[in-house]
Amino acid sequence: MSPTSCYQQRFHHALMAMSFAALALAVFFPMLSDFLPHIPTSGHSHVHAHGHAFVDARSFWGIPNGWDVLTNVPFLFAGVWGLVVLRRRTLPNSTRKAAQIFFIGLILTCFGSSVYHWAPSDFGLMIDRLGMAIAFAGVIAFAAGSRLGESVAKQAMPVLLVLAPLAAVAAHSLQNVLPWAVVQFGGVLMIGWLATLPQREGQSLNLWALILWYGLAKLLEAQDEAVFHLTQGVVSGHSLKHLAACMAAWPVIAALKKS
């Protein structure tokens, strides 16, 4: 078996393992709930006096939670920009579809996350995550195609497009973030493994840059209140998290511009 075939097989095994873990949590959660940690669907255990987990509740121009809403606008610009760049490039069909789905997911994230942060609720969080789920599915398939070939992107796409949104819905239905966490962090681990593999000829996707921006986004999210105090109330970690997460689109757009 060639090294590429071996890597392709490992990717499929990892994808199936992540799918099985997320689906098992969703299906058997009622029986396993006594043995699993209860993590609120938001992932946040602390709620501020204004009623939600984000420290900055200031309104701007009549927009509640202003910065947390407005910092989602760059997702719209990144998604539209990516689609425009993509139209000018000749790519294999499955790779093109994966990129399209990623950029459409960014646009959906802009609107879903804006709705959620305007009036935070568990249902709104599910809508927010559905947009992110589409983006995750697209970028994982695109990354797989850049390292393992067109056939892998083609096979992974339908699995991811079902699994990621299902995990978002399951987290809401079960009121526990675990199914979503499995898919989110499992996907990041898969991209991290793909980053260690050699680029295919003609590909220039920098997966380490993508991981770096995503990791920074999660760090800022975890330090929401600390960043708010550090900047003397100018901006919160959660607002900056949106900007950092949006920057994760740049390595994909840059790779398309070079193709």
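As the structure is a computational prediction, the values presented were derived from the model and not from experiment.

Glancing now at the packing of aromatic side chains. All told, the structure shown has seven aromatic pairs when counted by the stated rule. Summarising the aromatic geometry, the rings of F60 and W67 are spaced 5.0 Å apart at their centres and angled 50° between planes, so their arrangement reads as tilted. Taken together, F60, W61 and W67 form an aromatic cluster joined through their ring pairs.

Below, the discussion takes up unusual backbone geometry. For W61, which is not glycine, the phi dihedral falls at a positive 50°. When you line up the elements, W61 lands in the loop between α1 (3–32) and α2 (66–70). Of note in the backbone geometry, N65 takes a positive phi value of approximately 50° without being a glycine.

On to the packing of helix α4 (residues 93–118) against helix α5 (residues 122–148), then. Two elements in contact, α4 and α5, have axes separated by 7 Å at closest approach and are oriented at 160°. The orientation of α4 relative to α5 falls into the category roughly antiparallel. The way α4 lies across α5 gives a crossing that is left-handed. Taken together, the residues of the contact of α4 with α5 sort by class into 15 nonpolar, nine polar and one charged.

Moving on, we come to the environment of Y116. Looking at the element boundaries, Y116 is found in helix α4. Spatially, the C-alpha atom of Y116 lies 8.5 Å from that of M126, the residues being 10 residues apart in sequence. Once you skip the residues sitting within four places of it in the chain, Y116 turns out to touch F54, S121, G124, L125 and D128.

This part takes up a nonpolar patch on the surface. Together, W81, M247 and W250 make up an exposed nonpolar region whose accessible area comes to about 300 Å². We classify W250 as partly exposed; its relative accessible area is 38%.

Applying the stated criterion to the full structure yields three salt bridges. A salt bridge links E221 to K218; its shortest N-O distance comes to 2.7 Å. Within this pair, E221 and its partner K218 are both found in helix α8 (residues 207–222), separated by three residues, close to a single helical turn. Among the residues examined, K218 registers a relative accessible area of 22% and is labelled partly exposed. Among the ionic pairs, E221 bridges to K241, the shortest N-O distance being 3.5 Å. A residue pair is termed long-range when its members are at least 10 positions apart, and E221 in helix α8 and K241 in helix α10 (residues 237–247) qualify at 20 residues.

Here the focus is the nonpolar core. One finds F11, W180 and V252 to be the most contacted residues of the largest nonpolar core, which totals 57 residues. Of all the secondary-structure elements, those providing two or more residues to this core are α1, α3 (73–87), α4, α5, α6 (150–174), α7 (178–195), α8 and α11 (250–258). Tallying contributions element by element places α5 first for this core, with 13 residues. If sequence neighbours within four positions are ignored, W180 has contacts with R129, M132, A133, F136, A164, A167, A168 and A171.

In this model α7 runs 25 Å from its N-terminal to its C-terminal C-alpha over 18 residues, within 8% of the 26 Å that 1.5 Å per residue would give. When we look at burial in α7, the residues that qualify are L178, P179, W180, V183, Q184, G186, G187, M190, I191, G192, L194 and A195.

Within the secondary structure, S5 is located in helix α1. Taking the C-alpha atoms as reference points, S5 and L148, 143 residues apart in sequence, are found 8.4 Å from one another.

In this section: the packing of α3 against α10. To characterise two packed helices, one gives the angle between the axes of the helices and the distance between these axes. Across the interface, α3 lies against α10 with an axial gap of 9 Å and an inter-helix angle of 10°. Classified by the angle their axes make, α3 and α10 are roughly parallel. Across from P74, F75 and A78 in α3, the residues of α10 making contact are H242, L243, A245 and C246. Looking at side-chain class alone, the contact of α3 with α10 contains six nonpolar, one polar and no charged residues.

Basis of the calculations
- Residues numbered from 1 in each chain as written.
- Predicted model: local features only at pLDDT ≥ 70, side-chain atom pairs only at ≥ 80, totals over all residues.
- Heavy atoms only, no water.
- Phe/Tyr/Trp six-rings, centres within 6.5 Å; stacked < 30°, edge-to-face > 60°.
- Helix = DSSP H or I, 4+ residues; strand = E, 2+ residues; numbered from the N terminus.
- Axes fitted to C-alpha atoms, helices over the stretch in contact; angles between N-to-C directions.
- Parallel < 35°, antiparallel > 145°, perpendicular 65-115°, else oblique.
- Left-handed = near helix turned anticlockwise from the far one by under 90°.
- Nonpolar A, V, L, I, M, F, W, Y, C, P; charged D, E, K, R; others polar.
- Contact = heavy atoms within 4.5 Å.
- Patch = residues over 30% accessible without salt bridge, like charges linked within 9 Å, V, L, I, M, F, W, Y side chains within 5 Å.
- Areas by Shrake-Rupley, 256 points an atom, 1.4 Å probe, with all protein chains shown as cover.
- Salt bridge = Lys/Arg side-chain N within 4 Å of Asp/Glu carboxyl O.
- Buried < 20%, exposed > 50% of the residue type's maximum accessible area, 1.4 Å probe, protein only.
- Core = buried A, V, L, I, M, F, W, Y, C linked by side-chain atoms within 4.5 Å.
- Expected span 1.5 Å × (residues − 1).

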